[in-house]
Amino acid sequence: MASALSPPRVPKPKGILPSHYYESFLEKKGPCDLEYKKFWAGLQGLTIYFYNSNRDVQHVEKLDLGTFVRLTDEAPWGSLRDTGTHFSLVLRNQEIKFKVESLESREMWKGFILTVVELRIPSNLTLLPGHLYMMAEVLAKEEARRALEMPSCFLKVSRLEAQLLLERYPDCGNLLLRPSGDGTDAVSVTTRQTLNGKAVVRHYRVKYESPKYVIDVEEPFSCASLDAVVNYFVSRTNKALVPFLLDEDYEKVLGFVEADKENGESAWVAPRVPGPGPAPPASGPKQPHPTSMPAFSQDKLPLLPPLPQLPNQDENYVTPIEDAPAAEYVNQNVTSSSRPVIVKPKKLAKVQAKPPKPHIVPKPDPKVLNSVLAKKLVASLAQPSFTATELANVTAELEEKLQKRRALEH
């Protein structure tokens, strides 16, 4: 017997490798890590993505540069001399240490990070002309990207809501962008700082004059994008103003790295979350839902019937006194006698939809009917009839009794 042919094996489609401004191997050590861990890292926008391999499509970690503070060089642990392969990235809420292969790689990473964060090419690094040209291209791409999107500190809130956010979350920043209240394309900048223990809140207007934004201050300043507006406030205040950004460093979806046994590549897998409770069996009778009695809450009280209208005291109406019917209450409590008793209307008897069928009398026999009529006629003829004299006597007797009764009444 011939065996069935197996379908041809279709190769799995390979994902497209992500593009980055700059990428290379990088060893990372976080605040909770004991040792350095090697990753393939790539910088794109204001985020550094970390991969297990340079062939992976899905990143395993990422680091947001929106809370950037500064970059520092440091010597390796236990050494007093800087070898040129270590540097630290200080963020608002943490410090990350990095280790690279050479001094050139360290200067490249620092240069690209400062370019995308400050939107300018750094001049205090050891870089070659070719490196500076690459950073100029990255600067143009980053400015074009930010011109098409809102900065992270832009929130659609009112003036009062902006003040409350800055007051409630002081560790998340003190500068916030929001829509202007006049209904135009203009925006407003709200800042909150502390001076001698007192909060100082300021609001600044930014006009939109296509295609630029103009900061309405004593000396108006034009910016190509809203991100440039943020950088203007940060740089002119010596970084005393920090863009507002809520901490969202925690992931919402559980995932893990799984290696493909066929090609050896790793992929990020997110397991399916089971639904609440065990699934019901496919076959078998369905269990009836338990019935619940309706209960009244304090928010939804049952409606009370309307009170009867009291009679007008100005009008002289006589109200008959009757025995009040026994009242029935839901909570079985007796009410005060001063309150009127509400009489429930009696239920009307249901009208029968169909009239009852008439009683069918059997048709009598004509022979029997004739004999009965003959007997009744003979009996009626046999009865004596009253004469005129007898009728006169009865009438006179009745008149006599009537006169006696009238005499008694008077």
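Residue positions within a chain follow its written sequence, with the count starting from 1. At least 70 in pLDDT is required for a residue's local features to be given in this predicted model, at least 80 for side-chain atom pairs to be given and counted, and no such filter applies to totals for whole chains, interfaces and linings, which use all residues. Values shown for side chains rest on all heavy atoms present in the structure; no hydrogens or waters enter the calculation.

A.B. asks: Looking at this structure, I do not really get the overall build of the protein chain. What am I missing?
C.D. replies: Where helices and strands are cited, they refer to DSSP runs of H or I of at least four residues and of E of at least two residues respectively, numbered from the N terminus. The helix and strand inventory of the protein chain stands at 6 helices and 14 strands. Type-normalised accessible area, obtained with a 1.4 Å probe on protein chains alone, sets the label of each residue: buried when under 20%, exposed when over 50%, and partly exposed for intermediate values. Burial status across the protein chain gives 23% buried among its 410 residues. Restricting the contact set of the protein chain to residue pairs at least 6 apart, pairs at least 24 apart contribute 41%. Under the convention used here, a 1.4 Å probe and the Shrake-Rupley method define accessible areas, while residue burial counts only the protein chains that appear. Accessible surface computed for the protein chain: about 33,200 Å², of which carbon and sulfur atoms make up 57%. Contact criterion: two residues are considered in contact whenever any of their non-hydrogen atoms come within 4.5 Å of each other.

A.B. asks: Mind showing me how you'd approach the side chain of Asp227 here?
C.D. replies: Here Asp227 lies in helix H4 (residues 226-236). Aside from chain neighbours lying at most four places away, what touches Asp227 is Leu119, Arg146 and Pro151.

A.B. asks: Which parts of the structure should I look at to understand the environment of Glu23?
C.D. replies: By the secondary structure assignment, Glu23 is in strand E1 (residues 22-29). Sequence separation of Glu23 and Ile48 is 25 residues, and the distance between their C-alpha atoms is 9.2 Å. Sequence-distant contacts of Glu23, that is, excluding residues within four places in its chain, are made with Trp40, Ala41 and Gly42. Counted as a polar contact is a pair of N or O atoms within 3.5 Å, where, for protein atoms, one must be capable of donating a hydrogen and the other of accepting one, and residues adjacent in sequence contribute only when both atoms are in side chains. In this structure the side chain of Glu23 is engaged in a polar contact, spanning 2.8 Å, whose partner is the side chain of His20.

A.B. asks: Help me understand the packing of helix H1 (residues 103-118) against helix H2 (residues 129-147) in this model?
C.D. replies: The description of two packed helices rests on the angle between their axes and on the distance between the axes. Close contact between H1 and H2 brings their axes to 9 Å; oriented N to C, the two are set at 30°. As summarised for this structure, H1 and H2 are arranged roughly parallel, according to the angle between their axes. The way H1 lies across H2 gives a crossing that is right-handed. Counting all contacts with H1, which are made through Glu104, Glu107, Met108, Gly111, Phe112, Thr115, Val116 and Val117, the residues of H2 involved are His131, Met134, Met135, Val138, Leu139, Glu142 and Arg146. Think of it as three bins: nonpolar holds Ala, Val, Leu, Ile, Met, Phe, Trp, Tyr, Cys and Pro, charged holds Asp, Glu, Lys and Arg, and polar takes everything else, Gly as well. The residue makeup of the contact of H1 with H2, split by class, is 8 nonpolar, 3 polar and 4 charged. Interaxial angle, 0 to 180 degrees, is taken between N-to-C directions of lines fitted to C-alpha atoms, where a helix line uses only the stretch in contact. What sets the label is the angle itself: under 35 degrees gives roughly parallel, over 145 gives roughly antiparallel, 65 to 115 gives roughly perpendicular, and the rest give oblique. Working rule for handedness: look at the near helix, and if it is turned counterclockwise from the far one by less than a right angle, call the crossing left-handed; if clockwise, right-handed.

A.B. asks: How should the pairing of strand E11 (residues 212-215) be read in this particular structure?
C.D. replies: Remember that side chains alternate between the two faces of the sheet whenever the strand is regular. Strand pairing follows a simple DSSP-based rule, namely that at least 2 bridges must link the two strands. Bridge analysis of strand E10 (residues 198-209) against E11 gives 4 bridges, and the strand direction is antiparallel. Of the residues in E11, the one forming a bridge with Val206 is Ile215. Turn length for the E10-E11 hairpin, with the two strands adjacent in sequence and antiparallel, is 2 residues. With 3 bridges joining them, E11 and strand E12 (residues 221-223) adopt antiparallel strand pairing. In the strand pairing of E12, Ile215 is matched with Phe221. Here E11 hands over to E12 after 5 residues, the two strands then running antiparallel side by side.

A.B. asks: How do you make sense of the sheet that holds E1 when you look at a structure like this?
C.D. replies: Strands in a sheet are paired, the pairing made by backbone hydrogen bonds, and the direction either parallel or antiparallel. Read across the open sheet, the 7 strands follow the order E4-E3-E2-E1-E7-E6-E5; overall the sheet is antiparallel. With partners counted over all chains shown, the strands left at the sheet margins are strand E4 (61-64) and strand E5 (68-73), one partner each. Geometrically, the sheet is characterised by an average inter-axis angle of 35° between neighbouring strands, direction not taken into account. Sheet analysis places E1 next to strand E2 (residues 37-44), joined by 7 bridges and oriented antiparallel. Within E2, the position partnered with Ser24 by the bridge is Ala41.

A.B. asks: Is there a simple way to explain the confidence of the model for the protein chain in this structure?
C.D. replies: Predicted coordinates in regions of low pLDDT should not be interpreted in detail. What pLDDT conveys is the predictor's confidence in a given residue, as a value from 0 to 100. Taken as a whole, the protein chain shows an average pLDDT of 75; of its residues, 63% reach a score of 70 or greater. Looking over the protein chain, one finds the lowest element-wise mean pLDDT in helix H5 (residues 366-382), namely 52, and the highest in strand E3 (residues 47-51), namely 96.

A.B. asks: Help me understand the sheet that holds strand E9 (residues 187-195) in this model?
C.D. replies: With respect to topology, 5 strands assemble into an open sheet ordered E8-E9-E10-E11-E12, the strand pairing being antiparallel. Lying at the two open borders of the sheet, with one neighbouring strand each, are strand E8 (175-179) and E12. Direction aside, neighbouring strands of the sheet carry axes that sit 30° apart on average. Against the sheet, helix H3 (residues 159-168) makes contact with E8, E9 and E10, and its axis sits at roughly 35° relative to E9, the strand it touches most.

A.B. asks: Help me out: how do you make sense of the packing of aromatic side chains in this one?
C.D. replies: The description of an aromatic ring pair rests on the distance of the ring centres and on the angle between the ring planes. Classification of ring pairs rests on two measures: the distance between centres of Phe, Tyr or Trp rings, Trp counted by its six-membered ring, which must be within 6.5 Å, and the angle between planes, read as stacked under 30 degrees, edge-to-face over 60 and tilted in between. For the structure shown, the criterion picks out 10 aromatic pairs. Ring centres of Tyr22 and Trp109 lie 5.1 Å apart, and the angle between their planes is 80°; this geometry places the pair in the edge-to-face category. Placement of Tyr22 in strand E1 and of Trp109 in helix H1 is noted, with a sequence separation of 87 residues between them. The pair Tyr22 / Trp109 is uniform in exposure class, with both members buried. Consider the rings of Tyr22 and Phe112, whose centres lie 4.9 Å apart with planes at 10°: the pair is stacked.

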